[in-house]
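Residues per chain, in single letters:
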Amino acid sequence: MKRVVVLGGGESGVGAAVLAKVKEFEVFLSDSGCLKDNFKAELEKWGIPYEEGGHTKEKIVNADIVIKSPGIPETAPLIVELHSMDKPVISEIEFAGYYDTAKKICITGSNGKTTTTSLIFYLLQNAGLNVGLGGNIGKSYAYQVATEKHDIYVLELSSFQLDGMYDFKADIAVLLNITPDHLDRYDHKMQNYINAKFRITRNMKAEDCFIFCSDDEITMGELNRIIIQAKKLPFTQNGKVLQGAYVEEGRMNVRYGESSFEISVNDLSLEGRHNVYNSMAAAIAGKIMNIHNDTIRKSLMTFQGVEHRLEKVLSVGGVLYINDSKATNVNSTWYALESMTAPTILILGGKDKGNDYSEIAQLVEKKVKAIVCLGVDNTKIHAAFGDKVVADTLSAEDCVKKCAQIAKPGDTVLLSPCCASFDLFKSYEDRGKQFKDAVRKL
């Protein structure tokens, strides 16, 4: 019996362990931190041995296959050692793909992937298809392959998940954009990060479809350099395309094969220029899947958006509070600011991933009346924005109170931090939740 060792006991790791158990491998899960109670209960239910609070090397290096959590970097000493022993180290997505014959629609990009993945899933559900949602969102893909049966999966894939994929193949791949992000994991080399994102096109054949943004310079630069077998379907807001999607005179036009679809940009439920891109990508995927135009239209008009992504929380005393905690890089915050129409108090800060704040300087100058920091070390933000920064805070509650003191009726308070959350919070979800709780207490 082959031995599978899973490193990391979060959603992804536990799902992979359950699938390995179902496929009759000898399974062991190891996590250097503490496992959540619900994950422990799941492992015990399936009779899967595990350890937490550290890795016992002897129990790991004898594995035939190692499945690594996306959170563990390739440079971790244990991973380096496994590679030196020629042990296969793969991702949960790669492993689940071995046992899944469903059609796979896979979405990546530096920004917008959760929204676009959720929108495509919503669209396919509305069409009455038997579809699963997984990857970097929702239930583990491996867990669903182990315990459910779907005809189609819509998978959000981060660069970390793509790094561990070799034989996996998407039937439809969507690449939304590439902007600098997570460069600390890629030797601070942009090309390494670009290579990771383009792994979504691995193994694709002529009958598969690759949907991409032709307005994204980095994507286009790479496409001019490499060969992709799949049908190429661009989307753009800067011109016309024969196949794919474009905007003309306020209308989004989508063409795939002989079939076409159009909708007024004003009818889209998601606001902002960046969401026009996300909606175009989803509409192209809908056309490829042969979804009826009425269903595509209804879905694009009624989709409710994603929690922690430009989420309107409440208006208090004439001030609108918006939770965009998912904006963990500068480009995300750029999109958020671009869509602001009222004078804005901007909340920035957290764990900086090598941010270049000059990218949002013009928008801050034009739209932001004050910046309140929410983070342990805000020196770079102070240096970038000078006297626009009016306060430093260390909790969501203090931050929201400070914003409420400054804000006037008609203003917007926007949490769009540009940074990861790990200095003060467990995750961007935790940061967003604490922000919303604080707003409700005002």
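A few points on the structure. (Residues numbered from 1 in each chain as written. Predicted model: local features only at pLDDT ≥ 70, side-chain atom pairs only at ≥ 80, totals over all residues. Heavy atoms only, no water.)

**Structural notes on the packing of aromatic side chains**
Spelled out, the test is: Each Phe, Tyr or Trp ring (for Trp, its six-membered ring) is paired with any other whose centre lies within 6.5 Å, and the angle between the two planes then decides the class: stacked below 30 degrees, edge-to-face above 60, tilted in between. Secondary structure is summarised from DSSP: a helix means a run of H or I of at least four residues, a strand means a run of E of at least two, and numbering begins at the N terminus for each. Exposure classes here rest on a 1.4 Å probe applied to the protein chains alone. A residue is buried below 20% of its type maximum, exposed above 50%, and partly exposed in between.
Considering all chains together, one arrives at twelve aromatic pairs under this definition. Their ring planes at 55° and their centres at 5.5 Å tell us that Tyr 122 and Phe 303 sit as a pair that is tilted. Remark: Phe 303 occurs in the loop between α12 (293-302) and β15 (311-316) and Tyr 122 occurs in helix α6 (residues 113-126); sequence separation between them is 181 residues. When its relative accessible area of 23% is taken as the criterion, Tyr 122 is described as partly exposed.

**Let's talk about the environment of Met 204**
What counts here: Only heavy atoms matter for contacts: two residues are in contact if any of them lie within 4.5 Å across the pair.
Assignment of secondary structure puts Met 204 in the loop between α9 (190-198) and β10 (209-213). For Met 204 and Ile 228, which are 24 residues apart along the polypeptide, the C-alpha to C-alpha distance reads 7.5 Å. When residues no more than four places from it in sequence are discounted, the contact partners of Met 204 are Lys 169, Ala 170, Asp 171, Ile 172, Ala 173, Cys 209, Phe 210, Gln 229 and Ala 230.

**With respect to the pairing of strand β7 (residues 131-135)**
The side chains of a regular strand alternate between both faces of the sheet. To keep it simple, the criterion reads: We treat two strands as partners when DSSP finds at least two bridges between them. Note on handedness: a clockwise path from strand one over the helix to strand two, with the strands aimed away from the viewer, defines a right-handed crossover.
Burial within β7 is extensive, with five of its five residues counted as buried. Burial along β7 is two-sided: the residues Val 131, Leu 133 and Gly 135 and Gly 132 and Gly 134 are all buried. Where β7 and strand β8 (residues 152-156) come together, five bridges link them in parallel fashion. The partner of Gly 134 across the bridge, within β8, is Leu 155. What joins β7 to β8 is helix α7 (residues 141-147), and the crossover it makes is right-handed.

**As for the nonpolar core**
The condition that has to hold: Among buried residues, the Ala, Val, Leu, Ile, Met, Phe, Trp, Tyr and Cys ones that are joined through side-chain atoms within 4.5 Å form a nonpolar core.
If you look at the biggest cluster of nonpolar residues, it comprises 51 residues, and the most contacted ones within it are Ile 67, Tyr 141, Leu 157, Phe 168, Phe 198 and Phe 210. When residues no more than four places from it in sequence are discounted, the contact partners of Leu 157 are Ile 93, Cys 106, Ile 107, Thr 108, Lys 113, Leu 162, Met 165, Phe 168, Lys 197 and Ile 200. Listed in part, the 43 residues of the second largest apolar core include Leu 123, Ala 282, Ile 284 and Met 289.

**Looking at the packing of α6 against α12**
Here is the rule: Angles here are taken between N-to-C directions and fall from 0 to 180 degrees, while the axes themselves are lines fitted to C-alpha atoms, restricted in helices to the stretch in contact. For this classification, under 35 degrees means roughly parallel, over 145 means roughly antiparallel, 65 to 115 means roughly perpendicular, and everything else is oblique. Handedness of a crossing follows from how the near helix is turned relative to the far one, being left-handed for an anticlockwise turn of less than a right angle and right-handed for a clockwise one. Ten residues, namely Ala, Val, Leu, Ile, Met, Phe, Trp, Tyr, Cys and Pro, are considered nonpolar, four, namely Asp, Glu, Lys and Arg, are considered charged, and the remaining ones, Gly among them, are considered polar.
At a closest axis distance of 9 Å, the pairing of α6 and α12 adopts a crossing angle of 135°. Here α6 is positioned oblique relative to α12, judged by the angle of their axes. Both α6 and α12 take part in a crossing whose hand is right-handed. On α12, the residues that touch Leu 119, Tyr 122, Leu 123 and Asn 126 of α6 are Thr 295, Ile 296, Ser 299, Leu 300 and Thr 302. When the residues that make up the contact of α6 with α12 are grouped by side-chain class, the tally is five nonpolar, four polar and no charged.

All quantities given are derived from atomic positions and should not be read as evidence of function.
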